[in-house]
Amino acid sequence: MAMRSGGLYHKTAFRLCFLLALCLSLFSGCSRQAAGGENIFQTAIRFEDGIICPRDCDFAAPFDEVLKAKGLTKEAIDDAREDDRRIIQTISIDGLSDEIREICSFQNDRLVSITYNIPVSPDDFDAVKSLLQQQAEAYIPEEMLLTSGEFLETGTIWQDEKENAIRLITGSIHGSDDLMVSLSVNVAKTEEAMEQFMDD
């Protein structure tokens, strides 16, 4: 009887260990999938009644307001061009890159665009393009997806009814073997839109 009890104990313990290992494996797999699923379009953009807007602030937001919204200090200011200050930081997006340069551009110290420059090795270029296409289709409203299938060789563009735009551009990096994918959120260039950037 004692031997039977001992055998039953070992079988039960083995089953419990097996189930625990299986659960841990499944949990680990789910965690990795979640970590790799961050969407750059969701990081960069929000939609308000079908209108394209930067995620953290509005187009034409004052320079200091954008700096505050990004949680940055004056160290992030690039004032190499006196009449065209920019806010620049390096961000990380899981599953994409740890070296993405986010550049906020202004006209008369009011926000006109935010660009995300993603350096990509030639070996990873096709995979990154495919990932970005999937992310675009998952986040951008269906009626705004003006292109279908593969992205154009040099990129693509989506616009809303006000002509605000999301641009995805691919190209080379001067002096490097790496390639560049740039995602930008741009205010419309219409006369009506540009009035808000005029000097008072």
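Above this text you will find the structure in question.
Residues numbered from 1 in each chain as written. Predicted model: local features only at pLDDT ≥ 70, side-chain atom pairs only at ≥ 80, totals over all residues. Heavy atoms only, no water.

A.B. asks: Looking at this structure, I do not really get the pattern of salt bridges. What am I missing?
C.D. replies: A side chain of one charge can pair with a side chain of the opposite charge if their charged atoms are brought near each other. Summed over all chains, the structure comprises 6 salt bridges. Its salt-bridge partner being K70, residue D56 comes within 2.9 Å of it at the nearest N-O pair. Of this pair, D56 sits in the loop between strand 2 (51-54) and helix 3 (63-69) while K70 sits in the loop between helix 3 and strand 3 (77-78), and the two are 14 residues apart along the sequence. In this structure D56 comes out as partly exposed when scored by relative accessible area, which is 39%. Using a relative accessible area of 13% as the deciding quantity, one classes K70 as buried. (Salt bridge = Lys/Arg side-chain N within 4 Å of Asp/Glu carboxyl O. Helix = DSSP H or I, 4+ residues; strand = E, 2+ residues; numbered from the N terminus. Buried < 20%, exposed > 50% of the residue type's maximum accessible area, 1.4 Å probe, protein only.)

A.B. asks: What's the story with helix 4 (residues 125-139) in this structure? I'm lost.
C.D. replies: Along an α-helix, residues three or four positions apart point the same way, because every turn accommodates 3.6 residues. With 15 residues, helix 4 should cover 21 Å at 1.5 Å per step; its first-to-last C-alpha distance of 21 Å lies within 8% of that length. On its buried side, helix 4 packs onto helix 2 (40-44), strand 6 (110-120), strand 7 (155-159), strand 8 (165-172) and strand 9 (179-186). (Expected span 1.5 Å × (residues − 1). Contact = heavy atoms within 4.5 Å.)

A.B. asks: Would you explain the side chain of E102 in this entry?
C.D. replies: For E102, the position within the fold is in strand 5 (residues 97-107). Within the structure, the side chain of E102 is placed 2.9 Å from the side chain of Y116, a separation counted as a polar contact. With residues near it in sequence (within four places) discarded, E102 still touches K70, I87, I88, Q89, I91, I114, T115 and Y116. (Polar contact = N/O pair within 3.5 Å; in protein donor to acceptor, adjacent residues only side chain to side chain.)

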